[in-house]
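Each chain, written out:
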Amino acid sequence: MELSNKPYLTTRSINPENQETPIKFLKTETIPTTYFFRRNHFQYPTILNDNFFLPITGQVKMPIVFQYSQIVQMETTAIKCFLECAGNKRSKFNPPVFGEQWEEGAISQGEWKGISLSCLLEITGIAADAREVVFVGYDYGKQEDIEHHIPFARSLPLEKAIHPDTIIAYEYNGRPLTYKHGFPFRLIVPGWYGMASVKWLKKIILIDDTFKGPFQTDDYVYYPKLSDPYPVTMVNVNSLIQKPLDYEIIDEGVTLIEGIAWSGESEVTNVDISFNGQQWVDAILIGETLDKTNRWTKWKFHWNAPKGEHTIYCRASDSKGRKQPLEPMWNKKGYGYNAITKIRVKVK
Ligand code: MTE
Ligand code: MO
């Protein structure tokens, strides 16, 4: 029998194409493009000559249209970080919410190379009254309630936009970005949920007020039950159990439990395991612990598994003192699910 890794991705919707990564593939530091999850709001755009020009306009001292050939010759910045969709794990909310029913694989990680946006803004200059930076993609389509077609567009506050790790990426894992992941240019905003990392950049506009596009003020907003709405930004502390898998049947005796944990604008400092949700024991964090900001950490735990049915709980904590909560924060659009990770196994 020939073993195959196909299908590489699990399809949640065909048009637009939304596909998640089977979590058993999330085991290396850098995920090959073929296994990288895909999240699109519209059909893929057509790539034309125009796509190789990147205008920066609005509240700048001097508007400039940069060319691909210029940008790739400037000083490069390489960033290894994960990208997680804000809707990852949405299928776990109870009561259920509308939207793509992602399980746990709307996350991937790899090395992005490009130029810090701040380098380009140094060249254009920033006007004194600039407050936000708007990023417009080449893809467009119909959005509920709006008559005309609109592009995918998002903004960042100026401080986040000029952070040296916010880059205009043109390479992934040492190769040019692939078409489906934003070729020729995409924004990468490490530590923020994926919606911020706009693909197929068409233009960048500095504005002196706040951007009100539908992907800023309607989608990607938390609507909790009891408090006021607020925007989706930084990635919550979270984790996955990859071995055993949910509902796996395993043999009695010592077995390895393993997985990954991550947190935005922070790093994982601890992973605890429990078999009853009350007493917790430390798992072992694997690999370098230096500079894990915006990267996932692998962890493992040796378990002497007794016969019977068990629930395994996993709870990550980060350097900002955040911990996965027992209950998720339910919100109408189903973003940011990060309740304690749980699987069921049977030991025979
Ligand atoms: N950029 C454009 N132009 N269009 C999109 O639909 N989706 C965003 C973001 N950037 C999107 C986009 C969302 S919600 C996510 S989670 C990430 O891209 C997914 O990136 P990927 O498809 O490379 O995994
Ligand atoms: Mo997303």
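This text goes with the structure placed above it.
Bear in mind the structure is a predicted one, so any value in this text is a computation, not a measurement.

(A) Quick look at the side chain of arginine 38. Counting through the fold element by element, arginine 38 comes out in the loop between strand S2 (18–20) and strand S3 (53–58). Residue arginine 38 is classed as buried on the basis of its relative accessible area of 15%. In this structure the side chain of arginine 38 is engaged in a polar contact, spanning 2.8 Å, whose partner is the side chain of glutamine 19. Excluding residues within four positions of it along the chain, arginine 38 makes contact with Leu9, Glu17, Asn18, Gln19, Tyr44, Trp102, Lys180 and His181.

(B) Examining the pattern of salt bridges more closely. All told, the structure shown has 16 salt bridges when counted by the stated rule. As a salt-bridge pair, arginine 12 and glutamate 103 come within 3.9 Å of each other at their nearest N and O atoms. Pair noted here: arginine 12 is in strand S1 (residues 10–13) and glutamate 103 is in the loop between strand S5 (77–84) and strand S6 (107–116), with a separation of 91 residues, a long-range link. Note on arginine 12: relative accessible area 27%, which makes it partly exposed. The salt bridge involving lysine 160 is made with glutamate 265; its shortest N-O contact spans 2.6 Å. Taken together, the residues span a long stretch of sequence, with lysine 160 in helix H3 (residues 158–161) and glutamate 265 in the loop between strand S17 (253–262) and strand S18 (268–274) at a distance of 105 residues. Judged by relative accessible area, lysine 160 falls into the buried class, the value being 12%.

(C) Local environment of the site of ligand 1. Looking at ligand 1, there are 19 residues lining it, with Phe37, His41, Asp139, His181 and Lys199 nearest. In this structure, an oxygen atom belonging to ligand 1 sits 2.7 Å away from a side-chain N or O atom of histidine 41. At 2.5 Å from an oxygen atom of ligand 1 is found a side-chain nitrogen or oxygen belonging to lysine 199. Looking at the shell around ligand 1, its residues break down into nine nonpolar, five polar and five charged.

(D) Spotlight on the pairing of S6. Among the 10 residues in S6, eight count as buried, and that is most of the element. Here S6 pairs with strand S9 (residues 167–172) via five bridges, running antiparallel. Looking across to S9, one finds that serine 116 is bridged to isoleucine 167.

What counts, and at which threshold
Along each chain, numbering runs from 1 in the same order as the chain's sequence is written. All chains are assigned letters beginning with A, and all ligands numbers beginning with 1, in the order in which they are written. Selection of residues for local features in this predicted model requires a pLDDT of at least 70, selection of side-chain atom pairs for listing and counting requires 80 or more, and totals for whole chains, interfaces and linings are taken over all residues. To get the side-chain values, take all heavy atoms of the structure and skip hydrogens and water. Only DSSP runs of H or I with at least four residues qualify as helices, and only runs of E with at least two residues qualify as strands; both kinds are numbered from the N terminus onward. Exposure categories follow from relative accessible area, calculated using a 1.4 Å probe and restricted to protein chains: below 20% of the type maximum is buried, above 50% is exposed, and the middle band is partly exposed. We call two N or O atoms a polar contact when they sit within 3.5 Å, provided that within protein one can donate a hydrogen and the other can accept it, with sequence-adjacent residues counted only if both atoms are side-chain atoms. Contact criterion: two residues are considered in contact whenever any of their non-hydrogen atoms come within 4.5 Å of each other. In what follows, salt bridge is the name for a side-chain nitrogen of Lys or Arg lying within 4 Å of a carboxyl oxygen of Asp or Glu. If even one non-hydrogen atom of a residue comes within 4 Å of a molecule or strand, that residue is called near it. Under the convention adopted here, Pro, Cys and the residues Ala, Val, Leu, Ile, Met, Phe, Trp and Tyr are nonpolar, Asp, Glu, Lys and Arg are charged, and Gly plus all remaining residues are polar. Strands are labelled as partners when DSSP assigns at least two bridges between them.

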